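Close look at the chain arrangement
As a plain string of letters, each chain reads:
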Number of protein chains: 2
Amino acid sequence: MAERSGTHLARAGFAAVLMLAVASARASEPLPSWNAGASKSAIVEFVARIARENGPDFVPPAERIAVFDNDGCLWSEQPAYFQLLFAIDRIKTLAPQHPEWREQQPFKAVLENDMKALAASGEHGLLELVMASHAGMTTEEFEKIVRDWLASARHPTTGKPYTAMVYQPMLEVLDYLRANGFKTFIVSGGGIEFMRPWTQEVYGIPPEQVIGSSIKTQFDVRDGEAVLVRLPEINFIDDKAGKPVGINQHIGRRPVMAFGNSDGDLQMLQWTTGGAGPRLGVIVHHTDAEREWAYDRSSHIGKLDKALDLAAGSGWVVVDMKTDWNRVYP
Amino acid sequence: MAERSGTHLARAGFAAVLMLAVASARASEPLPSWNAGASKSAIVEFVARIARENGPDFVPPAERIAVFDNDGCLWSEQPAYFQLLFAIDRIKTLAPQHPEWREQQPFKAVLENDMKALAASGEHGLLELVMASHAGMTTEEFEKIVRDWLASARHPTTGKPYTAMVYQPMLEVLDYLRANGFKTFIVSGGGIEFMRPWTQEVYGIPPEQVIGSSIKTQFDVRDGEAVLVRLPEINFIDDKAGKPVGINQHIGRRPVMAFGNSDGDLQMLQWTTGGAGPRLGVIVHHTDAEREWAYDRSSHIGKLDKALDLAAGSGWVVVDMKTDWNRVYP
């Protein structure tokens, strides 16, 4: 009896040790929100390969540059780019100072929540919204406007703060790459100054590692104070063929890894993976209508068509959000 | 006698210990190529002030951004900007493929070493030289051209490699600031892609921390290879009021320290030191005709006039190269 008890205890002890060992292996296992599978393996094996000192594919830490699209790659982008929802809220806030907007498109559409009329105003209409909401103030004033909006705005369907709609698996990739000596950059079609106020806190990416579209700014001395004023004029569109141009302008070298999710990232993926030496391109494919959204070839936001066709032949990893991620938001 | 000998030995030993102590104090003393004086004290005291945790002027490391002009601030710029001397050499190298240049200004002037005719071609002529020498190749091809040139080119009066004409006292400032948690950036009117191939090696500044003037680039797939091609078209002039614009575009925050040497740095100094909290502006004044060059208000290169007038009232440190530096080149 005593012996059986002892055996039991020994067995229980052995099981406990085993469980501890498994738990500890899990804790140290990278990318816990990624299910085991081809996507996760491709990322982890690539990083191990380029980090192996004296290995044939070793990349010195200084050259370990990884670039990430933002909308649809690091955070959600449905039912509309979050920056557009910001512009709409901003127009509503400013409306009392602009009585003429009540009769003037695309502002009328915004004030009446008429999304059909807004869509009908086309690219020109959107540009007018952006200029009216993003220009005319100093860079520091705009930063405060963005911060204040993010602190109180909520997503129309999930009710979450926008910064809570970032992808936990991608946060883990960012951390994992930085732990392996990478410098992580955002390369987004979105506004550079719309992202910078919160990327450090949310992604661990400082403002100087954010690349995006921009409007022109102008140096001015106002009441003896040196400021930069935001002008209603496009400076740079960091999308499609503009992405490699923006990367080269800001970073001055070809990245080693690029993460995107749409045809807007195609040239960034081509330029990144077209360099000599080991390179990896990754596409986040939105396949999860239940936990997030499912869309690709026919979507007007984050359209993924040509890049999806080219992925297999180019050796790019296509992440299946539904099966590769065991968790979407933090 | 034995006693005196012993005393002698003790004295010699004491002196040796004293000398060692002095040497060690000197070794740990920052900025050894700077003579004791107001300029050195201003820099060292400022850094101590912003690095003092719990002090009233503490700046968190993430916000410790220091920006440096290049020409005339980190390396020499006489008798002409080194990049112009590069363009001239490049035109001569390319001349056999351009027989028409023998009769066409400003190329004719370059090929005949006619500096007067070259100067007469004005800004437009210089632009033509820059485009002919800096555009038409991929970004990677241009990088190699710059590297190859620097490896063999020698300065016309000193006979030194250009990268040996960097200022030792400024190299020490760069190191000193980085040791105190600063991120150091170049903000130059010179070409961004002309500097990036060598700034890491020479200044310890990686390509992604170089801001400069640029020509446009275009993404292209050539023979199945993704490249960026350099176009003969100005993209951005990072000079005067363009400097704060370039800083904001690349870094996204106001620097804490700015180092310049000419009126081209005036707005950068104003914008940097105009921010809230502790800020420091520093001007390198070329006063040493013997070891380097002496010039300021009437120079056509690195003209320092208005910024010199505003320095005292703005609290900017004016470094007197002749008296403040005990060494110029490494």
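Here the structure is shown first, and the text comes after it.
Residues numbered from 1 in each chain as written. Chains lettered and ligands numbered in written order. Predicted model: local features only at pLDDT ≥ 70, side-chain atom pairs only at ≥ 80, totals over all residues. Heavy atoms only, no water.

A word on the sheet that holds strand β1 (residues 65–68) of chain B
Residues and elements named next belong to chain B. Just so we agree on the cut-off: Being paired, for any two strands, means DSSP has found at least two bridges between them. Secondary structure is summarised from DSSP: a helix means a run of H or I of at least four residues, a strand means a run of E of at least two, and numbering begins at the N terminus for each. Note on geometry: axes are lines fitted to C-alpha atoms, helical ones only across the stretch in contact, with angles between N-to-C directions running from 0 to 180 degrees.
If you trace the seven strands from one edge of the open sheet to the other, you get β4-β3-β2-β1-β5-β6-β7, paired in mixed fashion. Every other strand in the sheet has two partners, leaving β4 (225–236) and β7 (317–320) as the edge strands with one partner each. Averaged over all neighbouring strand pairs, the angle between strand axes comes to 30°, with direction disregarded. Note that strand β3 (residues 210–222) and β4 share eight bridges and pair antiparallel.

What to know about the interface of chain B and chain A
Here is the rule: Contacts between residues were defined by any pair of non-hydrogen atoms, one from each residue, lying within 4.5 Å. Buried area adds together the accessible area that both of two parts lose upon being put together, with accessible area traced by a 1.4 Å probe. Salt bridge, as used here, is a side-chain nitrogen of Lys or Arg placed within 4 Å of a carboxyl oxygen of Asp or Glu. Residues are sorted three ways: Asp, Glu, Lys and Arg are charged, Ala, Val, Leu, Ile, Met, Phe, Trp, Tyr, Cys and Pro are nonpolar, and all the rest, Gly among them, are polar.
At the junction of the two partners, chain B supplies 33 residues and chain A supplies 33 residues. Both sides together, the interface formed by chain B and chain A hides about 2,900 Å², and carbon and sulfur atoms give 46% of it. Summed over the three residues of chain B that lose the most area to chain A, namely Glu208, Phe219 and Gln249 of chain B, the buried surface amounts to 23% of that side. Where Glu208 of chain A meets Lys183 of chain B, a salt bridge forms, and the shortest distance between an N and an O atom there is 2.9 Å. Looking at the side of chain B that touches chain A, the elements that each hand over two or more residues are α7 (139–152), β2 (183–191), α9 (192–203), β3, β4, α10 (242–250) and α11 (266–273) of chain B. Considering every element that reaches the side of chain B that touches chain A, the biggest residue donor is α10 of chain B, with five residues. Of the residues assigned to the side of chain B that touches chain A, the class counts are 14 nonpolar, twelve polar and seven charged.

Overview of the pattern of salt bridges
Counted only if it meets this: Exposure classes here rest on a 1.4 Å probe applied to the protein chains alone. A residue is buried below 20% of its type maximum, exposed above 50%, and partly exposed in between.
Applying the stated criterion to the full structure yields 34 salt bridges over all chains. Between Asp57 of chain A and Arg49 of chain A there is a salt bridge whose closest N-O contact spans 2.4 Å. By relative accessible area, Asp57 of chain A is classed as partly exposed at 21%. When its relative accessible area of 34% is taken as the criterion, Arg49 of chain A is described as partly exposed. For Lys243 of chain B, the salt bridge identified is with Asp69 of chain B, shortest N-O distance 2.9 Å. One end of the pair, Lys243 of chain B, is in helix α10; the other, Asp69 of chain B, is in the loop between β1 and α3 (82–94), with 174 residues separating them in the sequence.

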